[in-house]
Structure formats: C-alpha cells, structure tokens
Amino acid sequence: MYEEEYYLIRDQKNNDRIPFLTPDKDTSNRNYDFEALPFGQAPLKFHNGFKEERRRQGIKSITPELLFSGFDIIVDDNIRERLLNYDFPNLHIYPSIYIDDQDQWHEDRWYLTFTERFDCWDRNTSDYEQDVAPVRLGGIEYHQIYSLRFNQELFAKTPLSQRLLFKLGGSIDAYIVAHQSILTKIFGRAPDNGAEYVRVSDY
C-alpha cells in the first residue's frame, strides 16, 4: 500500500510555542500561495499573529526550522539547500522573512509554493464528507477527507520522482505530502523541527 510510504507534514497543533504565521499587508496582497512569484520582488514577510496573546499567557514563542502558514511551509536556508538537490514538480521557493516576538528578523526563510496540486486520492476507498456539497473554487471540487487512501493505479503509473513531494489536491486540507525516502533527509526530525509527521495510512 502506497499509504505506508507517505507522510503528511503539518504543524504541531498542541504546541503553543509554535508561531501562528500572519502575512503583513504587502504579502497578503500577493498570490504567493499558488503562483510562482518572479524573483526580484520584495521578500514575503510574516509575523506571529498570536504574539500579544502568548505574551499575556507568559508563553515564549520559538522559531524552529519549519514554520507553517496554514498548510504551507516556510523553511530555513539548510532545508532549502537540500530541496534544491531535487527537481520536484510544481514547487517554487521564494525568499521570505519571519519577524519573531522579539522583533528579530529571520531573513534566512523560504516559502514553498506549489503551483499545482496532485489530486491522487481514491474516491472509492477514502472516507470523506459526501452528505455536504464540496467546496468549488475555479471549477475544482475540494472535499473534507477523514481517512485518506491513494489511487493505486495513478501511483503505479506515476514515476516516483514525480511524486516524492507534492501538495494534496481535491482536499480542503491541502497538506504537503512527502515520501519516506526524502522526509527526514530534507526536513529533519519531528518534533524538533517544529513539524508533526503523520503517516497517510494512519490519517
């Protein structure tokens, strides 16, 4: 089963020390999450949207190697260098800045944008919301998936090099999915890197 070989990369939902990334005004006006921005423009900028709330709670935020903007990932220089050793389809890497709770600028950050998603889940074997109409955006349907199973035929005919790293298509939860052969080699070990890895067969 291909589901045994793949992991969802997601944020640590129960760790209040992980920043909740919020773009600044200029960044929010750009289609950075689905378009390949041309180099030469200003870097994307993010801050912790929960900064004041965490201060009131006495919680000190950390800045791990991986930061999350929804389901998307911002990585540091080291991870970017490892990513550049591969030719992942539809992946574009754009300069970014994270301004932490002490107003320190982390200019060694890179936003991972997937310009196309890989709609590879099986509608017959996955458990998903069927009693409610899917969300429709741009002529594409997005479903709420509860238990994810891949389309085995599609995976069998897609070379591994073309499915090592991708963004899940057709799902409201647009996770970035990584093959086990590159997961820790590129992104490091969770939870120390700020992420949580969930095997697809366990989702």
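Here the structure is shown first, and the text comes after it.
The following refers to the structure shown. No experiment lies behind these values; they were computed from the predicted model shown.

### Some words on the sheet that holds strand β3 (residues 44-48)
A sheet is described by the order of its strands in space; here six strands give the open sequence β2-β3-β6-β7-β5-β4, paired in mixed fashion. Each edge of the open sheet is held by one strand with a lone partner, namely β2 (21-23) and β4 (67-69). Put simply, the sheet's adjacent strands are angled 40 degrees from each other on average, direction ignored. The pairing of β2 with β3 spans three bridges and is classified as antiparallel. Within the sheet, the bridge partner assigned to L21 lies in β3 and is N48.

### Here we look at the side chain of R109
Take R109: it is sitting in strand β7 (residues 105-114). Taking relative accessible area as the criterion, R109 reaches 5% and is therefore assigned buried. Separated by 3.3 Å, the side chains of R109 and D108 make a polar contact.

### Observations concerning the layout of surface pockets
Roughly 490 Å³ of volume is contained in the largest pocket. Looking at the largest pocket, it is lined by 23 residues, and the ones nearest its centre are F34, R117, Y142, K167 and A174. If you list the elements that add at least two residues to the lining of the largest pocket, you get β7, β9 (135-137) and β10 (140-142). Looking at side-chain class alone, the lining of the largest pocket contains eleven nonpolar, six polar and six charged residues. Looking at the second largest pocket, its volume works out to about 250 Å³. If you trace the second largest pocket, you find 14 residues lining it, with D11, I18, P19, F20 and F50 closest to the centre. Looking at the lining of the second largest pocket residue by residue, the class counts come to six nonpolar, four polar and four charged.

### Remarks on the pattern of salt bridges
In total, this model carries 13 salt bridges according to the counting rule given. With a closest N to O distance of 3.6 Å, R54 and D16 form a salt bridge. Of this pair, R54 sits in helix α2 (residues 51-57) while D16 sits in the loop between β1 (6-11) and β2, and the two are 38 residues apart along the sequence. Note that D72 and K167 form a salt bridge whose closest N and O atoms lie 2.7 Å from each other. Separated by 95 residues along the polypeptide, D72 in strand β5 (residues 72-76) and K167 in strand β12 (residues 165-167) bring together distant segments of the chain.

Cut-off values and rules
All chains use their own residue numbering, which begins from 1 and follows the written sequence. Reporting in this predicted model follows two pLDDT cut-offs: at least 70 for local features of residues, and 80 or more for side-chain atom pairs to be given and counted; totals over whole chains, interfaces and linings ignore these cut-offs and use all residues. Note that water and hydrogens are dropped before the side-chain values are worked out from all heavy atoms of the structure. Criterion used throughout: strands pair if DSSP finds at least two bridges between them. Only DSSP runs of H or I with at least four residues qualify as helices, and only runs of E with at least two residues qualify as strands; both kinds are numbered from the N terminus onward. Lines are fitted to the C-alpha atoms to define the axes, a helix being fitted only along its stretch in contact, and any angle between axes, read from their N-to-C directions, falls within 0 to 180 degrees. Burial classes: relative accessible area under 20% of the type maximum marks a residue as buried, over 50% as exposed, and values in between as partly exposed (1.4 Å probe, protein chains only). In the analysis that follows, any N or O atom pair within 3.5 Å is treated as a polar contact, provided that within protein one partner can donate a hydrogen and the other can accept it, and provided that, for residues neighboring in sequence, both atoms belong to side chains. For each structure, a 1 Å grid was placed over the protein atoms alone; sets of points admitting a 1.4 Å probe that cannot get out are labelled cavities, open sets with protein on both sides within 12 Å along at least five of seven lines are labelled pockets, and lining residues have an atom within 4 Å of a point. Grid points are joined across faces, edges and corners, and a volume is the space filled by probe spheres set on the points. In this classification, the charged set is Asp, Glu, Lys and Arg, the nonpolar set is Ala, Val, Leu, Ile, Met, Phe, Trp, Tyr, Cys and Pro, and all remaining amino acids, among them Gly, are polar. The salt bridge definition used is simple: a Lys or Arg side-chain nitrogen within 4 Å of an Asp or Glu carboxyl oxygen.

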